[in-house]
Amino acid sequence: MEKNRVSIPQVETLLQQKKLSSYFDLISRPIVTNLIRDELNQIREEKLFDLSFDKIVQRCENRCAKVYKMRVHQVINCTGVVVHTNLGRSPISKASWQAATNLNTHYCSLEFNLESGKRGQRNSLVEQLLATLTESEAALVVNNNAAAIYLILSTFAKRKEVVVSRGELVQIGGGFRIPSILKESQAKLVEVGTTNITTVDDYKEALNEKSVAILKVHRSNFALRGFTDEVSTKELSELLDENKLLIVDQGSGVLEADLPGEQKVKEHIKMGADLVSFSCDKALGSVQAGAIVGSKKLIDKLIKSPLYRVLRPGKTVLTLLEEDLINHLNKVDPPVLSLIKKEKEKVKEDSEKLIAFLNSEKFSLVESKITLGGGTTPDENLDSYAVKINSTKSANTVMKILRNQQVPIIGFIEKGKVHLNLATLLEGELELLSTSLDKIKELL
Ligand SMILES: *Cc1c(COP(=O)(O)O)cnc(C)c1O
């Protein structure tokens, strides 16, 4: 027993092993130390005293590798979903990132008016840019779209009635449920219509002196098919009198692009919405933020709310957004829009190039679809191509092998086979994908 105990190495000794010290930069020395301690404790508890030194190092390394995987990693998106909520939604334009670098790594005039030399207003130009892009009077930026709706409802609808169609009481992604947001902001939800049909009369009947607003929500991540009807922003606007608000959760932030199933933010404004909210990291293709555009009087009230102080974004978000919005105004597409507009022939060409390079019968070209995703354009797909992997291994095993690459490759499974859609490849990623697959093609 005594002898066996001695065989367990010291933490310090293990920390000097290259295999483990190489994780210092990746997850920090204290975390590596803790993981080694945890492993040694487990070895003691399970009385695994005859493990060799190398085995122990290996077990510690496995723990480090597992924790390292918890970090945010670059991945290659081959899912065919352009705005993928699990993969960081929209990639940010490299040019914007570069432009924002100096602002973020130096002091900047975030709340300093360079004209007067006095304290200034945060996000003043961003507001002008957003207002111009959406043809609105005013705009405001918060941390995400959920925060935008929460701020609007908390400010204008606390303990008052808000009318929402039953067909729009949706859950979008993880944990964003329209009824919960209403509850959290202490607004009283009045449901109207049915799941598939809501008419102008349904809204009319529900409106009374206690109601303060109609909230219209873009159904985003699911589509209603068949016998359905809903009321347009224009009809709702005509229904409401001066002192009731029409709030639209537009969702995707489509500004100029014509995307199937999507209505542009400015169209809602034109049709009479008082406030429109949307995400900035979906079709708008920028950073995570939520925008509110519309009536200046209402937005001034939102800015004065103490909640706004809680929900406002920092300089990193604002500087990147500023850059991206200027690009939008100058008709320069963000990466997500370039991807969605990529010719399907180009995707076919890239796929054929990859297949030729890999020179293996395991890979073949098939027709496929892409979707904008991210809770946008539900059910609206665009024709595309994909590379099918004909493996004898199970699809889940193949997916796992792909995930285990230095830069993980994320594909999708269809009819039991793994597919890689190259439509969502960004600059330089075809080469990366090719060399990576070439190394593992025998394994697949
Ligand atoms: C995506 C989405 C949200 C949530 O937006 P976040 O920016 O993730 O907070 C809310 N409403 C709609 C309609 C959406 O599409």
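Anything mentioned here points back to the structure above.
Everything numeric in this text was worked out from a predicted model, so none of it was measured.

(A) Quick look at the nonpolar core. Membership of the largest hydrophobic core comes to 39 residues, with the highest contact counts inside it found for Leu 402, Leu 420, Leu 422, Leu 433 and Leu 437. If you list the elements that add at least two residues to this core, you get α17 (335-341), α18 (344-358), β13 (363-373), β14 (376-389), α19 (395-403), β17 (417-420) and α20 (429-440). The greatest single-element share of this core, amounting to five residues, is contributed by α19. Here this core spans two domains, since at least three of its residues come from each of domain 2 (76-88 + 338-440) and domain 3 (94-333). Residues in contact with Leu 437, not counting those within four places in the same chain, are Leu 354, Leu 358, Leu 402, Ile 409 and Leu 420.

(B) Structural view of the environment of Thr 195. Looking at the secondary structure, you find Thr 195 in the loop between β8 (188-192) and α11 (200-206). Among the residues examined, Thr 195 registers a relative accessible area of 52% and is labelled exposed. Once the C-alpha coordinates of Thr 195 and Lys 315 are considered, the two residues, 120 residues apart in sequence, prove to be 41 Å apart.

(C) Spatial organisation of the pattern of salt bridges. A full pass over the atoms with the stated rule returns 24 salt bridges. A salt bridge links Glu 12 to Arg 29, with the shortest nitrogen-to-oxygen separation between them at 4.0 Å. Residue Glu 12 is located in helix α2 (residues 11-15), and its partner Arg 29 is located in helix α5 (residues 29-45); the two are separated by 17 residues in the primary sequence. Salt bridges sharing partners connect three or more residues here, namely Glu 111, Arg 119, Arg 122 and Arg 312.

(D) Geometry of the packing of α5 against helix α6 (residues 53-68). One way to put it is that α5 packs onto α6 with a least axis distance of 9 Å and a crossing angle of 130 degrees. As far as their axial angle goes, α6 and α5 are oblique. Note on packing geometry: the crossing formed by α5 with α6 is right-handed. Along its contact with α5, which presents Ile 31, Val 32, Leu 35, Ile 36, Asp 38, Glu 39, Leu 40, Gln 42 and Ile 43, the element α6 presents Ile 56, Arg 59, Cys 60, Arg 63, Cys 64 and Val 67. Per-class residue counts for the contact of α5 with α6 are 10 nonpolar, one polar and four charged.

(E) Structural context of the sheet that holds strand β11 (residues 275-279). The strand order across the open sheet formed by seven strands is β4-β12-β11-β10-β9-β5-β8, and the pairing between neighbours is mixed. The two strands at the open ends of the sheet, each matched to only one other strand, are β4 (138-142) and β8. Each strand axis lies, on average, 25 degrees off the axis of its neighbour in the sheet, ignoring direction. Of the strand pairs in this sheet, β4 and strand β12 (residues 290-294) are connected by five bridges, and their pairing is antiparallel. Counted as the bridge partner of Ala 139 is Val 293 from β12.

(F) Inspection of the side chain of Glu 127 at higher detail. By the element assignment, Glu 127 lies in helix α8 (residues 124-134). Salt bridges are absent for the buried Glu 127, whose nearest opposite-charge side chain, Lys 296, sits at 7.8 Å.

(G) Main features of unusual backbone geometry. For Lys 47, which is not glycine, the phi dihedral falls at a positive 50 degrees. Here Lys 47 is to be found in the loop between α5 and α6. Positive phi values are uncommon outside glycine, yet Arg 89 reaches one of about 50 degrees. Take Arg 89: it is sitting in the loop between β1 (76-77) and α7 (94-105).

(H) The arrangement of α5 in detail. Taking 1.5 Å per residue, 17 residues should reach 24 Å; α5 reaches 24 Å between its end C-alpha atoms and fits that length. Along α5, the positions that sit buried rather than exposed are Val 32, Thr 33, Leu 35, Ile 36, Glu 39, Leu 40 and Ile 43. All buried residues of α5 fall inside an arc of 165 degrees around its axis, so they share one side. Opposite the packed face of α5, turned more than 90 degrees from it, sit the exposed residues Pro 30 and Glu 45. Looking at the packing, one finds that the buried side of α5 touches α2, α3 (18-21), α4 (24-27) and α6. Lys 47, located one to two residues past α5, shows a positive phi value of around 50 degrees.

(I) Structural detail: a positive patch on the surface. Where like charges cluster on the molecular surface, the positive patch consists of Lys 158, Arg 159, Lys 160 and Lys 188. By secondary structure assignment, the location of Lys 160 is in the loop between α9 (145-156) and β5 (161-165).

Reading the values: the criteria
- Residues numbered from 1 in each chain as written.
- Predicted model: local features only at pLDDT ≥ 70, side-chain atom pairs only at ≥ 80, totals over all residues.
- Heavy atoms only, no water.
- Core = buried A, V, L, I, M, F, W, Y, C linked by side-chain atoms within 4.5 Å.
- Buried < 20%, exposed > 50% of the residue type's maximum accessible area, 1.4 Å probe, protein only.
- Helix = DSSP H or I, 4+ residues; strand = E, 2+ residues; numbered from the N terminus.
- Domains from an automatic or database assignment.
- Contact = heavy atoms within 4.5 Å.
- Salt bridge = Lys/Arg side-chain N within 4 Å of Asp/Glu carboxyl O.
- Axes fitted to C-alpha atoms, helices over the stretch in contact; angles between N-to-C directions.
- Parallel < 35°, antiparallel > 145°, perpendicular 65-115°, else oblique.
- Left-handed = near helix turned anticlockwise from the far one by under 90°.
- Nonpolar A, V, L, I, M, F, W, Y, C, P; charged D, E, K, R; others polar.
- Pairing = 2+ DSSP bridges.
- Lys, Arg positive; Asp, Glu negative; His and termini not counted.
- Expected span 1.5 Å × (residues − 1).
- Arc of directions from axis to C-beta.
- Patch = residues over 30% accessible without salt bridge, like charges linked within 9 Å, V, L, I, M, F, W, Y side chains within 5 Å.
- Areas by Shrake-Rupley, 256 points an atom, 1.4 Å probe, with all protein chains shown as cover.
- Charge placed at Lys NZ, Arg CZ, Asp CG, Glu CD.

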